[in-house]
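# Chain and residue survey
The lines below spell out each chain.
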Amino acid sequence: MTEKDKLIRKEFPILKNRNVIYLDNAATSQKPPCVIEAANQYYSMHNANPLRGLYELSVDATDAYENARKTVADFIGAARPEEIVFTRNASESLNLIAYSYARTFLKEGDEIICTIAEHHSNMLPWQQAAKATGAKLTYLYCEKDGTLTPEMLEEIISEKTKLVAVTQISNVFGRLNDIKGFAKVAHANGALLVADGAQSVPHVPVDVQDLDCDFMAFSGHKMFAPMGIGALYAKYDLLEKMPPFLFGGEMIEYVTTEGATYAEVPHKFEAGTVNVGGAVGLAEAIRFMQRFGWETITKREDELTAYAMEKMKEYPYVHVIGSDDPKEHHGILTFKLDGVHPHDIAAIFDEHGIAVRAGHHCAQPLMKYLGTLSTTRASLAFYNNKEDIDAFIETLMEIRKEMGYAE
Amino acid sequence: MQNNTFYNEVLTDHNLHPVHKHHLEGANFSLEGVNPSCGDDIVLSLKVEDGKIVDGAYEGDGCAISQASADMMLDLVIGKSKDEAQRLADIFLRMIKGTVTEEEMEELEEASILSDVSHMPARVKCAVLGWHTMQEMLEEV
Ligand SMILES: Cc1ncc(COP(=O)(O)O)c(C=O)c1O
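Remember, it's a predicted structure, so these values are computed and weren't measured experimentally.

## Some thoughts on a negative patch on the surface
Residue and element names in this part refer to chain B. A contiguous patch of negative charge on the surface is contributed by Glu9, Asp13, Asp75, Glu109 and Glu110. Position of glutamate 9 among the secondary structure elements: in helix 1 (residues 9-16). Judged by relative accessible area, glutamate 9 falls into the exposed class, the value being 70%.

Here it is as structure tokens:
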């Protein structure tokens, strides 16, 4: 391990405590002590119900929560903090758009387009919204290597299209999609662009104003923050015209027995007591990433991906899904190993202390399109190192032998 | 490489060289068993005459545990009465739950090598797929 590796590893006690080689970062990342400590500090020093109390502690809690919102907004380049709605995760963020925006503004005859490469969380909400409104859901098919281009969207989009949903980085291919290009095509046809940032916000710099997407959803837990906190970015004027998603406390201004007027954006979308500890943890996770900087993070992830892919290529029984170019993977290596079922592959990795994911990766329509039921996925974070990859490769090359093949 | 793998030779052999994985001519009972979450999918076929399983086979796809388990099950139950097969299925399922005696386990012959699945919650469904399918089918016989 290099000195830098050691320095980074020190930030993740679980990697030592559990003696695990953790290669399932696309599912969730591990948490550094500064994040755990930030949540701890909040509950030890500032906890009260925010946004409602008139006493000092409640004001403290409100400040902690709203400062976190500002940190998140700055991190992804939002024009103002109010454009960030805190949610539980990317799935809830996408559902918020589907329930609040799509069910209000879409009608029969309209169309929603989503790609076949989407995670179920960026597909099922659209299926349901289409059913509820009578709009039609159309799938944009990627190429078998995951390629999706704005030109491909251009071919199927029409003036009927009102929403286009595209992941920025696919959790299967790891490919970075040209969200800016998709947004341009969507806008030129009078549609809005929903970007799923669940895999991109943790791994590449994101600037929502530059991308000009109308919505972006992501989860804290995939970027070193606690579970249970996520965010929806939306352009302010959209949030203003969208109706609330959930009703109850803290999202109202004035309530009578007949009805209510709603709080200002973004609070009208945050019914009930919010997750301040999570928001504070997410803000700290962002500062943690900023301390290392994108250059360190992306460089390490790219180098490790390239190193792993080079070794995998030397082994004829392994087939990596997606591009041949490591730069198009962002740490995500989904693969097939001839003759061995992904669940057995993952079980054998587990016997060797290596955590990888097997299954359909919450993308069953994509798996079907690729002609497979399931695959195995190793996914990296910048705390992984060369030793992790060596161990991964060494085990990978043993699996077929352990399963009774000659080589 | 360490050698304490769960995937021992008996298991991998049943997976790579199954005896009973084929189409069964003249089967009078057939049922599909599926684990949607992992994609294990088998069709179990039995030929039952006068309450006795005279032949059996399976087809389909899945992980080594689901496939080997079905193959070992058929090794065990072909030639046995329907009631005997049900009794063995009950023992197997209790073995996977971890509530079985040594003597009972011996009755399972090779299939007893799957007893460690009782400590592998993620793989329980794979191991029991064939057995559950057979149980369900024999209730109809
Ligand atoms: C591309 C993508 N979108 C959405 C999600 C859903 O994230 P969450 O489960 O945190 O809501 C995931 C996570 O698995 C993902 O990889």
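## Observations regarding the layout of surface pockets
Its boundaries defined by the atoms lining it, the largest pocket holds a volume of some 480 Å³. Lining the largest pocket are 21 residues; nearest its centre among them are Ala346, Ala347, Asp350 and Val356 of chain A together with Ala122 of chain B. For the lining of the largest pocket, the elements supplying multiple residues, two or more each, are helix 12 (342-351), strand 13 (354-355) and strand 14 (357-359) of chain A. A per-element tally of the lining of the largest pocket places helix 12 of chain A first, with four residues. Classifying every residue of the lining of the largest pocket by side-chain character gives 13 nonpolar, four polar and four charged. Put simply, the second largest pocket is a space of about 390 Å³. Around the second largest pocket, the lining is made up of 21 residues, and of these Val340, His341 and Pro342 of chain A together with Asp61 and Gly62 of chain B lie nearest the centre. The greatest single-element share of the lining of the second largest pocket, amounting to three residues, is contributed by helix 12 of chain A. When the residues that make up the lining of the second largest pocket are grouped by side-chain class, the tally is seven nonpolar, nine polar and five charged.

## Points about helix 8 (residues 179-188) of chain A
Residues and elements named next belong to chain A. Along helix 8, the residues classified as buried are Ile179, Gly181, Phe182, Ala183, Val185 and Ala186. For helix 8, the secondary structure elements touched by its buried residues are strand 4 (136-140), helix 7 (150-156), strand 5 (161-167), strand 6 (192-196) and helix 9 (208-211). In the stretch just after helix 8, glycine 190 is the one whose phi turns positive, near 75°.

## Remarks on the site of the ligand
All names here are of chain A. Ser91, Asp196, Gln199, Ser219 and Lys222 are the nearest of the 13 residues found near the ligand. Out of a free accessible area of 400 Å², the ligand has 87% covered by protein chains. Grouping the amino acids of the shell around the ligand by side-chain chemistry returns two nonpolar, nine polar and two charged.

## Brief notes about unusual backbone geometry
The residue after valine 265 of chain A, namely proline 266 of chain A, is reached through a cis peptide bond having omega 0°. Looking at the secondary structure, you find proline 266 of chain A in the loop between strand 10 (260-262) and helix 11 (276-313). One non-glycine residue with positive phi stands out, namely aspartate 50 of chain B, at about 50°. Summarising the element assignment, aspartate 50 of chain B is placed in the loop between strand 2 (40-49) and strand 3 (52-61).

## So, the pattern of salt bridges
Residue and element names in this part refer to chain A. By the definition in use, this model includes 26 salt bridges over all chains. When the shortest N-O distance is used, the salt bridge between aspartate 145 and arginine 175 registers 3.3 Å. Placement of the pair is aspartate 145 in the loop between strand 4 and helix 7 and arginine 175 in the loop between strand 5 and helix 8, with a sequence separation of 30 residues. The partly exposed category is assigned to aspartate 145, whose relative accessible area is 29%.

Reading guide: rules and limits
Residues numbered from 1 in each chain as written. Chains lettered and ligands numbered in written order. Predicted model: local features only at pLDDT ≥ 70, side-chain atom pairs only at ≥ 80, totals over all residues. Heavy atoms only, no water. Patch = residues over 30% accessible without salt bridge, like charges linked within 9 Å, V, L, I, M, F, W, Y side chains within 5 Å. Areas by Shrake-Rupley, 256 points an atom, 1.4 Å probe, with all protein chains shown as cover. Salt bridge = Lys/Arg side-chain N within 4 Å of Asp/Glu carboxyl O. Lys, Arg positive; Asp, Glu negative; His and termini not counted. Charge placed at Lys NZ, Arg CZ, Asp CG, Glu CD. Helix = DSSP H or I, 4+ residues; strand = E, 2+ residues; numbered from the N terminus. Buried < 20%, exposed > 50% of the residue type's maximum accessible area, 1.4 Å probe, protein only. 1 Å grid on protein atoms, 1.4 Å probe; cavity = no way out; pocket = protein on both sides within 12 Å on 5 of 7 lines; lining within 4 Å. Points joined across faces, edges and corners; volume = space filled by probe spheres on them. Nonpolar A, V, L, I, M, F, W, Y, C, P; charged D, E, K, R; others polar. Contact = heavy atoms within 4.5 Å. Near = heavy atom within 4 Å.

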